[in-house]
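# Summary of structural features
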Amino acid sequence: MRVRTGVTGLAAAACAGVLLAPSPAGAAQAPEASRAKADSYCVVKVSAGKTTKTTCYDTFRAYMAAMTGGRITDAPAPEKAATDKKFQARLDALVGPMGEVSGAQLYENGHFGGRAIGYALGEPCKNDGKWDAEISDLDARNFDDITSSVKTWNNCYIELYASADFKGIHNTYDQADWVGEAMNDQATSFRLKARGETIN
């Protein structure tokens, strides 16, 4: 299995949690390309105001093993994973070794296909009138203007924005095998909030 890692900065002022990104034991590492290859799956470790690390995997199964700290090593194909209620329940029940839970996944193609990038939080999204996580510019993750489908877990909704810093047209999703004409290949930033929560 090939694993690519890279380190870049990301301003995520309101991101309360981190993203789980352990490398599988014994995995070979190679320099990160400027753009992840077409079928790679990346996990981003984010901590507010700190340097972040992206680790990309060649298979969805290896990616999900990294996202769950090795506790799910039998993930189904991404298209099935996003709609499989038993698999979703398994993800909702997990808390990572550093307290992380799966928050959201963005996919390059419709129906949860192509490259994916996963985000995890310190805890499930809370209905407290505050954003649970924010990523102000997906360009820093090489995922700008390519999102076509999304999936959330642990009581989270994702709000996609067409411009950096949460500006431009925006729509809210929990699961969408296609984000629709207005947002397809447009997302540049996003926020996570609790399901049904209204934030002004």
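Everything below is about the structure shown above.
Structure report, in brief.

How each quantity is defined
- Residues numbered from 1 in each chain as written.
- Predicted model: local features only at pLDDT ≥ 70, side-chain atom pairs only at ≥ 80, totals over all residues.
- Heavy atoms only, no water.
- Buried < 20%, exposed > 50% of the residue type's maximum accessible area, 1.4 Å probe, protein only.
- Helix = DSSP H or I, 4+ residues; strand = E, 2+ residues; numbered from the N terminus.
- Pairing = 2+ DSSP bridges.
- Disulfide = S-S within 2.5 Å.
- Salt bridge = Lys/Arg side-chain N within 4 Å of Asp/Glu carboxyl O.
- Polar contact = N/O pair within 3.5 Å; in protein donor to acceptor, adjacent residues only side chain to side chain.
- Phe/Tyr/Trp six-rings, centres within 6.5 Å; stacked < 30°, edge-to-face > 60°.
- Lys NZ or Arg CZ within 6 Å of the ring centre and 35° of its normal.

## Focus on the pairing of strand S12 (residues 189–194)
Taken across its 6 residues, S12 has 6 buried, putting it largely inside the fold. Alignment of strand S7 (residues 133–135) against S12, held across 3 bridges, turns out to be antiparallel. Bridge pairing in S12 links Ile 135 to Phe 190. As judged from the 6 bridges shared by strand S9 (residues 156–163) and S12, these two strands associate in the antiparallel manner. The residue bridging Cys 156 from the neighbouring strand is Ala 194, located in S12.

## Comments concerning unusual backbone geometry
Of all residues except glycine, most have a negative phi; of all peptide bonds, most are trans. Phi angles above zero are rare outside glycine, and Asp 145 is one such case at about 60°. Relative to the helices and strands, Asp 145 is located in the loop between S7 and strand S8 (149–152). Residue Asp 185 is not a glycine yet carries a positive backbone phi of 55°. Of note, Asp 185 is situated in the loop between strand S11 (175–176) and S12.

## Observations regarding the state of the cysteines
All told, the structure shown has 2 disulfides when counted by the stated rule. Between the sulfur atoms of Cys 42 and its disulfide partner Cys 56 the distance amounts to 2.0 Å. Handedness of the Cys 42-Cys 56 disulfide follows from its S-S torsion of about 100°: it is right-handed. Here Cys 42 is found in strand S3 (residues 41–45), whereas its partner Cys 56 is found in strand S4 (residues 51–57), with 14 residues between them in sequence. Residue Cys 42 shares its accessibility class with Cys 56, and that shared class is buried. Put simply, Cys 125 and Cys 156 are joined by a disulfide, and their sulfur atoms are 2.0 Å apart. For the disulfide bridge between Cys 125 and Cys 156, the dihedral angle about the S-S bond is near 95°, and by the sign convention the bridge is right-handed.

## Considerations on the pattern of salt bridges
By the definition in use, this model includes 6 salt bridges. A salt bridge links Glu 108 to Arg 115; the nearest nitrogen and oxygen atoms lie 3.8 Å apart. Judged by relative accessible area, Glu 108 falls into the partly exposed class, the value being 22%. Judged by its relative accessible area of 5%, Arg 115 falls in the buried class. Between Lys 193 and Glu 159 there is a salt bridge, with its nearest N and O atoms 3.7 Å apart. In this pair, Lys 193 is assigned in strand S12 and Glu 159 in strand S9, connecting sequence segments 34 residues apart. Across the pair, Glu 159 and Lys 193 agree in class, each one buried.

## What to know about helix H1 (residues 60–67)
Most of H1 sits out of view: 7 of its 8 residues are buried. Looking at H1, one finds that the buried residues are Phe 60, Ala 62, Tyr 63, Met 64, Ala 65, Ala 66 and Met 67. Of the residues one or two after H1, Gly 69 is the one with positive phi, at around 65°.

## Some words on the side chain of Glu 159
Since its relative accessible area comes to 7%, Glu 159 is described here as buried. Polar contacts involving the side chain of Glu 159 include one to the side chain of His 170, which spans 2.7 Å. A distance of 3.2 Å separates the side chain of Glu 159 from the side chain of Thr 172, its partner in a polar contact.

## Let's talk about the packing of aromatic side chains
Under the defined criterion, the tally for this structure stands at 6 aromatic pairs. Ring geometry for Tyr 41 versus Tyr 63: centroids 5.8 Å apart, planes at 40°, classification tilted. Here Tyr 41 is found in strand S3, whereas its partner Tyr 63 is found in helix H1, with 22 residues between them in sequence. Ring geometry for Tyr 161 versus Phe 166: centroids 5.7 Å apart, planes at 75°, classification edge-to-face. Grouping residues by exposure puts Tyr 161 and Phe 166 together as buried. Ring pairs connect the aromatic residues Tyr 41, Phe 60 and Tyr 63, which therefore count as one cluster. Sitting over the face of the ring of Trp 153, Lys 151 holds its NZ or CZ atom 5.3 Å from the ring centroid.

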